[in-house]
Protein chains: 2
Amino acid sequence: MKLTGTILKLEYTHYSTDREHLNNMMLIPLQTDTTDSPASAAASSLSQPDGSRTLCSICADRATGKHYGASSCDGCKGFFRRSIRNNHSYSCRFNRKCIVDKDKRNQCRYCRLRKCFKAGMRKEAVQNERDCTNTHRAKGQTVGTLSISVLLQAEASVQQIPALLSPRSHDINAKKTACVGDVFESMKQQLLLLVEWAKHIPEFCSLPIDDRVTLLRTHSAEHLILGAARRSLPCDNLILLGNDFVIPMSGAEVEVSRVAFRIQEELVKPLRDLDITDQEFACLRTTVFFAPDCLGLESPQVVRHLRFQAHLLLEEATCEQRGRFGELLLILPPLQSVAWQMVETLHLAKLLGEARMDSLLLEMLLGEGTKTGDGLCSGNDQTQEQHNDQRASSSNLTSVISHVSTSLANTLSAAHTDWH
Amino acid sequence: MKLTGTILKLEYTHYSTDREHLNNMMLIPLQTDTTDSPASAAASSLSQPDGSRTLCSICADRATGKHYGASSCDGCKGFFRRSIRNNHSYSCRFNRKCIVDKDKRNQCRYCRLRKCFKAGMRKEAVQNERDCTNTHRAKGQTVGTLSISVLLQAEASVQQIPALLSPRSHDINAKKTACVGDVFESMKQQLLLLVEWAKHIPEFCSLPIDDRVTLLRTHSAEHLILGAARRSLPCDNLILLGNDFVIPMSGAEVEVSRVAFRIQEELVKPLRDLDITDQEFACLRTTVFFAPDCLGLESPQVVRHLRFQAHLLLEEATCEQRGRFGELLLILPPLQSVAWQMVETLHLAKLLGEARMDSLLLEMLLGEGTKTGDGLCSGNDQTQEQHNDQRASSSNLTSVISHVSTSLANTLSAAHTDWH
DNA sequence: CATATTCGGTCAAAGGTCCC
DNA sequence: AGGGACCTTTGACCGAATAT
């Protein structure tokens with residue numbers, strides 16, 4: 001504990017690229033403090049931006065500045081350095097949930113070191129090399145900070161009353177099996193809701209218009225599937241659509257119920273086993289949404305940072321339940337796979353002319369799709385174009401990709417207006 | 001944590017201003033005493049002006065420094081700490097005037113403790129119990145049955161010396177650009193190594209033979225890509241193959257270098273930013289491998305549990321560095337996507353008859369592939385069959401899936417024998 | 001060039017261990 | 001069932017290098 005010197009400084013983090021960026025990403029403090037120090041957790045939300053500067057984020061002792069990436073006291077600073085230098089490996093005699101505060105910080109070194117890491121300390125910052133903090137900063141982009149409350153509000157704004165009101169076993173049998181048209185109609189509704197949802201996230205609205213379009217397009221299929229899975233959590237043998245139709249596991253058209261089956265098996269069941277909470281779902285959706293790669297994003301680093309914050313919030317929302325965070329993230333690969341299969345099914349339906357598809361569906365779900373399936377998670381657009389130059393067979397795709405849709409752009413412009 | 005620098009360092013006679021100290025004195029009834037002031041006590045024992053620094057002011061033994069506010073020997077230091085920690089209350093069997101010196105200090109605890117207080121020791125200086133600094137460091141942290149050491153051994157068994165030995169900038173330019181045949185050859189090698197790798201995991205070998213085949217098949221493409229990405233970490237503009245050929249970002253065939261580009265952008269760069277460790281890589285590979293869904297597994301719960309353990313080990317391997325675990329898991333969706341694109345490219349190559357493919361490649365990479373892309377992460381087999389009953393167009397797929405390959409089964413039988 | 005920040009290092013004084 | 005010789009860890013304070 002030091003007696004002298006009060007340090008006050010506003011946090012501003014700028015981004016360069018790649019490695020620098022990642023390091024910086026780790027540095028950004030997340031506001032809420034979950035485990036310990038209930039006092040600071042209460043005050044941290046808005047009132048005390050300086051609290052994180054003057055208080056050690058590990059033990060809540062008085063901080064002497066930022067050390068190794070986290071605002072900390074000299075004790076935790078030295079402890080972290082020694083632990084890393086000497087390559088110490090501690091073990092917790094209890095449940096790895098020891099409280100680390102000023103009084104008890106020496107009682108469990110495992111939990112203390114763990115909290116150092118969780119507070120943002122990086123072992124790369126230790127050792128002889130001096131950590132050159134931002135030697136160069138790019139365009140001076142300011143990156144907003146996602147907050148769980150904003151995400152929950154966004155979720156609430158797209159919650160559908162009818163689907164929630166229907167009690168489990170009673171009404172479900174009364175619901176009608178969806179025909180292809182019903183499915184498409186539901187999809188369109190959900191896509192509009194997705195746009196609506198995104199509009200509630202200021203950080204999204206601050207992105208360049210092209211990036212907003214790209215983000216919405218790229219993973220729209222995954223959002224449809226994720227939403228359907230969430231909606232169908234109480235159902236065992238069917239998928240509940242947003243417009244109150246259902247898709248049974250058998251009895252619907254083959255292509256449709258195959259996707260429905262996979263949603264049940266690979267998504268609904270795991271989510272039900274986990275008993276996913278609203279907070280977790282909100283964070284998971286956001287993590288899916290801000291996918292930094294596989295896009296032609298103008299500012300991929302910003303998106304990357306937003307996803308980073310989203311998954312930090314997700315981890316927080318899991319309340320440190322062992323393995324829960326990992327299980328939730330491991331939902332994403334099958335989600336992607338199922339979504340991709342749905343898109344393929346749509347492609348097929350479109351090719352066969354089985355149904356009339358709305359232009360919104362065409363644009364958001366199939367807009368980037370090609371026969372070779374770059375649709376769901378395509379490579380970098382420039383490369384795509386570069387290669388397409390040499391490949392006449394999909395030159396039409398290029399124009400589709402580079403074309404910014406009127407309808408989507410309009411919708412997004414409205415969203416942008418809402419926030420600025 | 002120090003209150004003021006002066007009390008402890010300069011004078012131990014400041015006890016009189018220390019209210020706590022007075023309280024402490026109350027704990028032990030003080031009677032008339034001949035040696036009142038600690039200073040006089042110290043000086044009286046031996047007439048040395050600096051004797052207070054070298055002599056224990058309690059028992060006049062050799063002092064080892066200041067302890068708890070008084071210059072003292074290790075014996076009195078330890079005695080005072082134990083007395084305070086255990087909240088001992090002693091009593092004098094005589095008249096509380098026992099002589100406390102080096103020889104007789106253990107004859108009356110009451111008088112010894114009282115003299116500790118009189119010499120200036122403060123009970124506040126005794127801290128809480130700390131974490132054991134036990135010499136036998138039992139790390140190992142074996143979660144369940146999978147152990148990190150087994151995974152590391154498995155990794156080591158498939159490490160390729162030539163690829164690792166080649167220094168970065170020197171040899172890379174000398175390496176030849178792979179033709180399609182070279183790529184296939186490398187793939188085959190890597191697939192065999194994958195089987196070899198799996199054989200090193202006892203939990204894998206204990207699975208039913210069909211499940212082993214399924215696991216190996218289902219995500220073999222992802223393992224190829226993951227391995228290539230890891231191997232290419234030091235390379236900026238090319239993908240390094242296992243057989244020492246390279247795939248440049250441009251200059252190779254279009255289809256090939258498109259996949260190569262995505263590997264670089266979506267996998268190599270993030271992994272390089274994270275500076276993934278060997279442990280983490282081993283755990284990540286295992287997490288990918290034990291995919292419980294999207295299979296026709298006999299015992300999906302076992303596989304699910306194995307993946308659970310794998311990602312717990314991964315989390316442990318990240319040392320709880322903030323956000324690192326999440327960043328690593330979020331590598332998996334793009335990994336899946338890139339792997340799927342590679343499989344599609346292979347399909348295309350096969351259809352166009354561009355190259356002769358080994359049967360192992362056909363079986364492991366394309367064995368489950370269909371035009372609608374169930375290959376990478378197919379649905380449940382029973383459903384697949386059920387639907388196929390009604391759909392003649394892919395009935396041949398059913399037989400392929402339900403057919404247990406001879407070559408793979410043989411390889412795996414050998415593996416099984418190794419372990420039983 | 002001054003100031004603020006954050007590295008690395010030092011060492012008194014805490015801690016713990018373990019034979020006696 | 002402590003005592004105490006011996007060793008490790010802690011953290012307040014310091015100087016140095018760097019960004020501002």
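Residues numbered from 1 in each chain as written. Chains lettered and ligands numbered in written order. Predicted model: local features only at pLDDT ≥ 70, side-chain atom pairs only at ≥ 80, totals over all residues. Heavy atoms only, no water.

### Quick notes on the domain arrangement of chain A
This is how it is decided: Residue ranges for the domains trace back to a domain assignment, done automatically or taken from a database.
Splitting chain A by domain gives domain 1 (65–125) and domain 2 (148–366). Spacing between the C-alpha centres of domain 1 of chain A and domain 2 of chain A amounts to 39 Å.

### A look at the packing of aromatic side chains
Short version of the rule: For Phe, Tyr and Trp, where Trp contributes only its six-membered ring, two rings pair if their centres lie within 6.5 Å, and the inter-plane angle classes them as stacked under 30 degrees, edge-to-face over 60, or tilted in between. Secondary structure elements follow DSSP: runs of H or I no shorter than four residues count as helices, runs of E no shorter than two count as strands, and numbering proceeds from the N terminus. Three exposure classes are used, based on accessible area relative to the maximum for each residue type with a 1.4 Å probe and protein chains only: buried under 20%, partly exposed in between, and exposed over 50%.
Counted under the stated rule, the structure contains 14 aromatic pairs over all chains. Relative to phenylalanine 80 of chain A, the ring of tyrosine 68 of chain A has its centre 5.6 Å away and its plane inclined at 40 degrees; by these criteria the two rings are tilted. Placement of tyrosine 68 of chain A in the loop between strand S1 (66–67) and strand S2 (70–71) and of phenylalanine 80 of chain A in helix H4 (residues 74–85) is noted, with a sequence separation of 12 residues between them. The buried category is assigned to tyrosine 68 of chain A, whose relative accessible area is 15%. We classify phenylalanine 80 of chain A as buried; its relative accessible area is 0%. Between phenylalanine 325 of chain A and phenylalanine 325 of chain B, the aromatic rings sit 5.7 Å apart at their centres with planes inclined by 65 degrees, giving edge-to-face as the arrangement. Within this pair, whereas phenylalanine 325 of chain A is found in helix H16 (residues 324–329), its partner phenylalanine 325 of chain B is found in helix H17 (residues 324–329), the two belonging to separate chains.

### Topic: the pattern of salt bridges
Any two side chains of opposite charge can pair, given that their charged atoms come close. The criterion, for reference: One side-chain nitrogen of Lys or Arg within 4 Å of one carboxyl oxygen of Asp or Glu is enough to make a salt bridge.
As enumerated under the stated definition, the model contains 23 salt bridges over all chains in all. For lysine 269 of chain A, the salt bridge goes to glutamate 265 of chain A, with nearest N and O atoms at 2.8 Å. On the criterion of helical spacing, the pair formed by lysine 269 of chain A and glutamate 265 of chain A is a turn pair, its members being four residues apart in helix H13 (residues 254–274). Assessed through its relative accessible area of 28%, glutamate 265 of chain A is described here as partly exposed. One salt-bridge network, held together by shared partners, links Arg93 and Arg109 of chain A together with Asp131 of chain B.

### So, the packing of helix H9 (residues 180–199) of chain A against helix H14 (residues 278–289) of chain A
All names here are of chain A. Put simply, the rule reads: Angles run from 0 to 180 degrees between N-to-C directions of axes, and those axes are lines fitted to C-alpha atoms, restricted for helices to the stretch in contact. Geometric relationships in this document are graded by angle, where less than 35 degrees denotes roughly parallel, more than 145 denotes roughly antiparallel, 65 to 115 denotes roughly perpendicular, and other angles denote oblique. Whether two residues are in contact is decided by their heavy atoms: any pair within 4.5 Å suffices. The nonpolar class holds Ala, Val, Leu, Ile, Met, Phe, Trp, Tyr, Cys and Pro. Asp, Glu, Lys and Arg form the charged class, and all remaining residues, Gly among them, are polar.
As a packed pair, H9 and H14 sit with axes 12 Å apart at the nearest point and diverge in direction by 95 degrees. Classified by the interaxial angle, the pair formed by H9 and H14 is roughly perpendicular. Residue-level inspection shows Leu194, Trp197 and Ala198 of H9 in contact with H14, the latter providing Arg285, Thr286 and Phe289. In terms of residue class, the contact of H9 with H14 is built from four nonpolar, one polar and one charged.

### Here we look at helix H6 (residues 109–118) of chain B
Counting along an α-helix, one turn takes 3.6 residues, and residues three or four places apart therefore face a common direction. Of all the 10 residues making up H6 of chain B, eight are buried; the element is thus mostly covered by neighbouring parts of the structure. Among the residues of H6 of chain B, those classed as buried are Tyr110, Cys111, Arg112, Leu113, Arg114, Cys116, Phe117 and Lys118 of chain B.

### Notes on unusual backbone geometry
At aspartate 275 of chain A, a residue that is not glycine, the phi angle is positive and equals roughly 55 degrees. Although it is not a glycine, asparagine 87 of chain B sits at a positive phi angle of roughly 55 degrees. If you trace the backbone, asparagine 87 of chain B turns up in the loop between helix H5 (74–85) and H6. Looking at asparagine 87 of chain B, the relative accessible area reads 66%, which means it is exposed.

### Looking at the nonpolar core
In plain terms, the rule: Take the buried Ala, Val, Leu, Ile, Met, Phe, Trp, Tyr and Cys residues and link them wherever side-chain atoms come within 4.5 Å; each set so joined is a nonpolar core.
Of all hydrophobic cores here, the largest spans 147 residues; its most connected members are Phe204, Phe290 and Leu365 of chain A together with Phe204 and Leu365 of chain B. By size, the runner-up hydrophobic cluster in this structure holds 24 residues, among which are Cys76, Tyr90, Cys92 and Val126 of chain A.

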